[in-house]
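# Coordinate inspection notes
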Amino acid sequence: MEAGPPGSSRPAEPGPCLSGQRGADHTASASPQSVAGTELGRHPQAVAAVLPAGGCGERMGVPTPKQFCPILERPLISYTLQALERVCWIKDIVVAVTGENMEVMKSIIQKYQHKRISLVKAGVTRHRSIFNGLKALAEDQINSKLSKPEVVIIHDAVRPFVEEGVLLKVVTAAKEHGCSDYDLEFGTECLQLALKYCCTKAKLVEGSPDLWKVTYKRDLYAAESIIKERISQEICVVMDTEEDNKHVGHLLEEVLKSELNHVKVTSEALGHAGRHLLQIILDQCYNFVCVNVTTSDFQETQKLLSMLEESNLCILYPVVVVSVHFLDFKLVPPSQKMENLMQIREFAKEVKERNILLYGLLICYSQDDQKLQESLRQGAIIIASLIKERNCGLIGQLLIA
Ligand SMILES: Nc1ccn([C@@H]2O[C@H](COP(=O)(O)OP(=O)(O)OP(=O)(O)O)[C@@H](O)[C@H]2O)c(=O)n1
Ligand SMILES: O=P(O)(O)OC[C@@H](O)[C@@H](O)[C@@H](O)CO
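Residues numbered from 1 in each chain as written. Chains lettered and ligands numbered in written order. Predicted model: local features only at pLDDT ≥ 70, side-chain atom pairs only at ≥ 80, totals over all residues. Heavy atoms only, no water.

Test applied: UniProt positions are given in the numbering used here, feature names are shortened, and annotations may be inferred rather than shown by experiment.
Per an unreviewed UniProt entry, the protein chain is named D-ribitol-5-phosphate cytidylyltransferase, and its organism is Gorilla gorilla gorilla. Per UniProt, the protein chain carries the Subunit (unreviewed entry) text "Homodimer." Taken verbatim from the UniProt record of the protein chain, the Sequence similarities (unreviewed entry) comment is "Belongs to the IspD/TarI cytidylyltransferase family. IspD subfamily."

In structure tokens, the structure reads:
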């Protein structure tokens, strides 16, 4: 990622920050540095980004260019766009794609509801693709919806984990710094190009370890693991009753808390028309454990699924729902219960279309405290693994603890 001015060597005067956009995704870029209140807040507009996305990904060794390779069924470039567009002071994002991938790119923008994106034709080299993006930003076209920026961030479309803090550092450096021997020594290609041919002053700023580029196939697996980890940090246990503290769902919640001590476990009842739960959904919790005890088999789970389907939560990431059912195997033979629970396969197939991964979990409810604890612990381990793996092949399966 580099910052440079489009056809001008004036220092940056970046735009105001309206940080904390509604619905902005916290998992995309969990930057601890909020830009609000920094110097960016004092200046009008002026930052744009150019994303070169016109390569063919030869080193990846697959037919699909790597920027369009799916991670959790969503193209890699969509994660990069998400990371950039949640930075409110970047006014325009110009993406350079090849003519043959223009329609693919348009459909990605539409499907994942990306905003502030313009497309230009890529060139035969990365630098030419960037140049085309810069030209679009520099042009004086009457109908152009692009505002002329004073600083342009150049960011590879295949670096999905860029954070607001590092973007801010780059933009500030573009504004403030000159060029040093150190920068020359450790310059990247773009930087060297700028130094050799432009009168632009340049500064190399330190990035974060997450800024690596997806280059080889193994990088796709690494990116997928990082994304899965980010969306697995919170679990909401949904109870089918509000008052009962001895509810077995609370016991499960306690066990989940002790088994998964790095994960935030909260609980919520579906009462009050699910208002609190709705807030949890809006706050982007991607994992739900729905405990069905006092109501009939899938009543609560179905209510939760409807709420999730109505929300926009599932557009960007697959949401995991584990429908938990308790059964005293000594009193009721599992086969009897199974018959009803088998419906889960149909539900799971339906909601998969909406990016919800539904799993079933039958926990042995023993009158013996020790045995019950053991089943709950086993249940918690299964839940943890379903959430961590997000395995589509296991949807609709009824697992037994
Ligand atoms: N003619 C090109 C070549 C590359 N890029 C983009 O530049 C970024 C970084 O380049 P690189 O990792 O080298 O991508 P590829 O050229 O696709 O990969 P490879 O070198 O393995 O073919 C990528 O987002 C890539 O799409 C581009 O916009 N136009
Ligand atoms: O070394 P690679 O060819 O993988 O990538 C080189 C460049 O595309 C990349 O590092 C730019 O982001 C910096 O100018």
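Having seen it, we continue.
## As for the environment of Gly 249
How we decide: Secondary structure counts use DSSP, requiring at least four H or I residues in a row for a helix and at least two E residues in a row for a strand, with both numbered from the N terminus. Three labels apply to residues, based on accessible area from a 1.4 Å probe with only protein chains included: buried if under 20% of the type maximum, exposed if over 50%, partly exposed otherwise in between. It only takes one pair of heavy atoms within 4.5 Å for two residues to be counted as in contact.
With respect to the helices and strands, the residue Gly 249 is situated in helix α8 (residues 248-259). Under the relative-accessibility criterion, Gly 249 is labelled buried at 0%. Sequence separation of Gly 249 and Val 293 is 44 residues, and the distance between their C-alpha atoms is 8.2 Å. Contact partners of Gly 249, with chain neighbours within four places excluded, come to Val 237, Met 239 and Val 291.

## Brief notes about unusual backbone geometry
Unusually for a residue other than glycine, Arg 116 sits at a positive phi of about 65 degrees. On the basis of relative accessibility, which here comes to 28%, the residue Arg 116 falls in the partly exposed class. For Arg 390, which is not glycine, the phi dihedral falls at a positive 50 degrees. By the element assignment, Arg 390 lies in the loop between α13 (369-389) and β13 (398-400).

## With respect to helix α4 (residues 164-176)
Operational definition: Helix span is expected to be 1.5 Å times the residue number reduced by one.
The terminal C-alpha atoms of α4 lie 18 Å apart, and with 13 residues this matches the ideal 18 Å at 1.5 Å per residue to within 8%. Taken together, the buried positions of α4 are Glu 164, Gly 165, Val 166, Leu 167, Leu 168, Val 170, Val 171, Thr 172 and Ala 173.

## Observations concerning the sheet that holds strand β9 (residues 264-269)
Basically, it comes down to this: Strand pairing is defined by DSSP finding a minimum of two bridges between the two strands. Every axis corresponds to a line fitted to the C-alpha atoms, with the helix fit spanning only the stretch in contact, and the corresponding angles, defined between N-to-C directions, vary from 0 to 180 degrees.
Spatial ordering of the open sheet is given by β9-β8-β10-β11-β12-β13, a layout of six strands whose pairing is parallel. Whereas interior strands pair on both sides, the edge strands pair on one side only; in this sheet they are β9 and β13. Taken over all neighbouring pairs, the strand axes of this sheet differ in orientation by 25 degrees on average, direction set aside. Pairing of strand β10 (residues 287-292) with strand β11 (residues 319-327), which is carried by six bridges, proceeds in the parallel orientation. Opposite Phe 288, over in β11, you have Val 321 as the bridge partner. Each of β8 (234-239), β9 and β10 touches helix α9 (residues 275-282); the most contacted strand, β9, lies at about 145 degrees to it. In this fold helix α12 (residues 344-352) packs onto β11 and β12 (356-364), with an angle of close to 155 degrees to the strand it touches most, β12.

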